Amino acid sequence: MTLLPDAWWPTALLALVLFVDAAMSIRPPQFIRDCLAGVNFPREWWWTLIVIKTLAVVGLIAGIWMPGVAFAANVGVIVYFCSAAASHIRARNTGPAFWINCLGMLALSIAVLVLSLTL
């Protein structure tokens, strides 16, 4: 097993989606504000999510050429969205934002990890 992704495009796709998510979070639209408020995430800490997502994007892109980096970044993204899912469940905020945004991103992250190691 190599620690470079066998196929680069799933990793690049996840990086692109996270980049768009981070960019949207700079001036969050209503659905992002509702999501963060719904899990009682303090507004003064919202900026940390932009930093985390941006670092994940950098790690995913760098990992296309640097062994192990994309794998570590991808696992970090999975942990991030597992934590988000746990926050939603704990806050009993399991509406459409939970199912579509949170679990959708978790599913994408897991699929990218599997695809990048098996293609």
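These lines cover the structure that appears in this document, whether it is placed above or below. Residue numbers here run from 1 along each chain, matching the order of that chain's written sequence. The model is predicted, so local features are restricted to residues of pLDDT at least 70 and side-chain atom pairs to those at 80 or more, both for listing and for counting; the totals for chains, interfaces and linings are taken over all residues. As a rule here, side-chain values come from all non-hydrogen atoms in the structure, and water together with hydrogens is ignored.

Details of a nonpolar patch on the surface
For patches, a residue must show more than 30% relative accessible area and have no salt bridge; joins then use 9 Å for like charges and 5 Å for nonpolar side chains, namely Val, Leu, Ile, Met, Phe, Trp and Tyr. Using a 1.4 Å probe, the Shrake-Rupley method yields the accessible areas, and only the shown protein chains count as cover for residues. Whenever Lys or Arg places a side-chain nitrogen within 4 Å of a carboxyl oxygen from Asp or Glu, that contact is recorded as a salt bridge. There is a patch of nonpolar side chains on the surface, built from Leu13, Leu16, Phe19, Val20, Met24 and Phe31 and spanning about 540 Å² of accessible area. Each helix is a run of DSSP H or I of at least 4 residues and each strand a run of E of at least 2, with the numbering of both proceeding from the N terminus. Considering every element that reaches the nonpolar patch, the biggest residue donor is helix H1 (residues 8-26), with five residues. Here valine 20 lies in helix H1. Given a relative accessible area of 39%, valine 20 falls into the partly exposed group. We call a residue buried when its accessible area falls under 20% of the maximum for its residue type, exposed when it is over 50%, and partly exposed in between, using a 1.4 Å probe and counting protein chains only.

Focus: the packing of H1 against helix H5 (residues 96-118)
Fitting a line to C-alpha atoms yields each axis, with helices limited to the stretch in contact; the angle taken between N-to-C directions then spans 0 to 180 degrees. Contact geometry of H1 with H5 gives a least axis separation of 8 Å together with a crossing angle of 155 degrees. Relative to H5, the element H1 lies roughly antiparallel. Every pair of crossing elements has a handedness; the one defined by H1 and H5 is left-handed. Facing H1, whose interface residues are Trp9, Pro10, Thr11, Leu13, Leu14, Val17 and Leu18, H5 presents Met105, Leu108, Ser109, Val112, Leu115 and Ser116. Of the residues contributing to the contact of H1 with H5, the split by class is ten nonpolar, three polar and no charged. Oblique is the label for any angle not under 35 degrees, not over 145, and not in the 65 to 115 range, which are roughly parallel, roughly antiparallel and roughly perpendicular in turn. Take the far helix as your reference; a near helix turned counterclockwise from it by less than a right angle gives a left-handed crossing, and one turned clockwise gives a right-handed crossing. By definition in these notes, contact holds between two residues if any of their heavy atoms fall within 4.5 Å. Any residue that is not Ala, Val, Leu, Ile, Met, Phe, Trp, Tyr, Cys, Pro, Asp, Glu, Lys or Arg is counted as polar, Gly included; the first ten are nonpolar and the last four charged.

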